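Reading the structure
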Amino acid sequence: MSKQELEKVAGNGLINRRHLLGLGLAGVGVAASSTLLGADAGMNLEIPSWSKQPGPGASGYGSRSKFANDMQRLSGNPNPLYPGGGASRSPLHQLQGSITPNSLHFERHHAGIPDIDPSQHKLVIHGLVRQPLVFSYEDLLRYPMISKIYFLECSGNSGTLFGPNPADGTAQSIHGLVSGAEWTGIPLSTLLDEAGVEPEAQWINAVGADAASMGRSIPLNRAMDDVMIALFQNGEPVRPEQGYPMRLFVPGCEGNISVKWLTQIKLSTEPGHFRDETSKYTDTRLDRKSLQFTYPMGTKSVITSPSGKMKLERQGVYQVSGIAWSGRGSIRRVEVSADGGRSWADAMIQSHQSEKALARFRIPWEWSGGNAILQSRATDSQGNVQPTRTSLVTEKGNISTYHFHGIQSWAVNTAGDIANVYA
Ligand SMILES: Nc1nc2c(c(=O)[nH]1)N[C@H]1C(S)=C(S)[C@@H](COP(=O)(O)O)O[C@H]1N2
Ligand SMILES: [Mo]
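Residues numbered from 1 in each chain as written. Chains lettered and ligands numbered in written order. Predicted model: local features only at pLDDT ≥ 70, side-chain atom pairs only at ≥ 80, totals over all residues. Heavy atoms only, no water.

Take the domain arrangement of the protein chain next. By domain assignment, the protein chain separates into domain 1 (118-291) and domain 2 (300-421). Placing a centre on the C-alpha atoms of domain 1 and another on those of domain 2 gives a separation of 28 Å. If you look at the interface, domain 1 gives 35 residues, while domain 2 gives 33 residues. Between domain 1 and domain 2, a total of about 2,900 Å² is buried, with carbon and sulfur atoms accounting for 58% of that surface. When the buried surface of domain 1 facing domain 2 is broken down by residue, Phe-151, Leu-161 and Phe-162 rank first, second and third, together holding 26% of it. Where domain 1 packs against domain 2, one counts three salt bridges. The partner of Lys-309 in a salt bridge is Asp-168, and the shortest N-O contact between them spans 3.0 Å. One can count 13 residue pairs in polar contact (both at pLDDT 80 or more) joining domain 1 with domain 2. Sorting the residues of the side of domain 1 that touches domain 2 by element identifies β8 (146-153), α3 (171-175), β9 (178-187) and β16 (283-284) as the ones contributing at least two each. At four residues, the largest contribution of residues to the side of domain 1 that touches domain 2 is made by β8. Broken down by class, the residue content of the side of domain 1 that touches domain 2 amounts to 13 nonpolar, 14 polar and eight charged. (Domains from an automatic or database assignment. Contact = heavy atoms within 4.5 Å. Buried area = accessible area lost by both parts, 1.4 Å probe. Salt bridge = Lys/Arg side-chain N within 4 Å of Asp/Glu carboxyl O. Polar contact = N/O pair within 3.5 Å; in protein donor to acceptor, adjacent residues only side chain to side chain. Helix = DSSP H or I, 4+ residues; strand = E, 2+ residues; numbered from the N terminus. Nonpolar A, V, L, I, M, F, W, Y, C, P; charged D, E, K, R; others polar.)

So, about the site of ligand 1. What surrounds ligand 1 is a group of 21 residues, the closest being Phe-106, His-110, Asp-210, Arg-247 and Lys-260. In this structure, an oxygen atom belonging to ligand 1 sits 2.7 Å away from a main-chain N or O atom of Phe-106. Contact between ligand 1 and Ser-258: a nitrogen atom at 3.1 Å from a main-chain N or O atom of the residue. Here ligand 1 loses 100% of its free accessible area of 530 Å² to cover by the protein chains. (Near = heavy atom within 4 Å. Areas by Shrake-Rupley, 256 points an atom, 1.4 Å probe, with all protein chains shown as cover.)

Below you can see the structure in the form of structure tokens.
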């Protein structure tokens with residue numbers, strides 16, 4: 001395919017997404033370092049050392065290549081006044097597809113990771129129920145389970161973008177508090193039905209077994225919907241970091257409400273007004289009134305490559321790629337702009353369009369060495385469109401910095417350096 005045949009579909013070099021399929025690396029000036037082989041070059045190929053002798057055999061538990069060890073979660077500085085508290089962020093700029101490997105799933109702990117022996121752990125369902133119930137881990141493993149792919153996002157994710165000056169960050173450092181996984185567990189409705197919910201019950205109050213005693217309240221109708229007690233994550237037992245042996249999983253909602261190391265569910269007429277839904281995780285608006293409960297996460301996307309602090313080493317065709325998600329449905333459309341939002345082109349969505357899950361998008365883009373501002377804009381199945389940063393900040397103010405879902409702008413300069421900017 002010659003360079004001339006690539007159909008430009010928006011300003012500053014965006015190319016029709018259909019070219020992704022036939023886009024070979026040679027011949028389109030792409031940033032690749034493959035070398036063309038001469039007619040008889042194959043005969044001169046050296047046999048690498050690893051082809052000359054057998055390697056180690058099979059193992060009980062796998063590990064990644066030592067050449068891929070640079071892919072790491074990024075954690076902040078530990079605070080001695082807040083032992084075990086903090087977060088680590090997924091390396092979004094290095095990941096592909098729409099599932100985050102368990103070892104790289106983001107973490108957010110309020111009092112560290114408890115070392116729970118599942119044979120000693122109990123889940124209690126009590127309060128306004130006909131029959132209070134206690135479950136062991138073994139009991140729960142016997143229930144019929146469901147498996148669903150969902151994203152999980154901390155409401156503090158991308159919060160720095162509420163600030164007056166753009167942080168000099170990466171896709172990971174700014175947006176890495178989101179991950180995607182297949183979660184397997186028991187619908188909460190199954191266990192609530194077994195306990196027999198009393199008619200006056202309106203809320204469930206979920207509490208974790210960690211030293212933070214994290215508690216959150218959820219309206220009963222939502223709890224009876226798609227909420228589950230997750231026991232497995234991408235096929236293996238939920239990791240200690242993610243809530244082993246069991247966590248609540250509330251699809252599409254801010255991560256905080258998916259209580260890890262779940263030990264108690266109490267049914268009540270009123271919310272529990274826990275610390276994490278009063279002093280934290282509330283959205284104080286411009287009129288200084290606070291919205292106490294914000295459940296579904298906004299319609300959002302971010303270009304993960306090319307992205308902040310990466311460098312375009314040469315002119316040519318690049319794959320612009322990223323992730324999109326919505327707490328209210330599936331992702332129907334992702335548009336990409338290379339000129340700071342003046343013109344847009346539809347990206348290809350390359351994953352199953354499942355509800356409340358990450359979607360991977362891609363579009364080819366030719367960089368001719370000029371200034372560019374790369375942006376992506378997601379639309380979900382309910383018609384919600386991701387807002388610009390300016391409209392989000394104008395509407396919500398920045399007294400509190402939760403639930404940022406505005407459009408990310410990555411500026412490319414003539415040297416090929418990429419930085420977070422406000423456009
Ligand atoms: N028991 C308990 N549950 C918890 C937390 C916690 O500190 N303790 N952190 C919450 C927050 S703020 C988030 S964003 C998610 C993070 O889940 P993850 O660490 O599996 O990514 O768990 C939530 N559930
Ligand atoms: Mo969070």
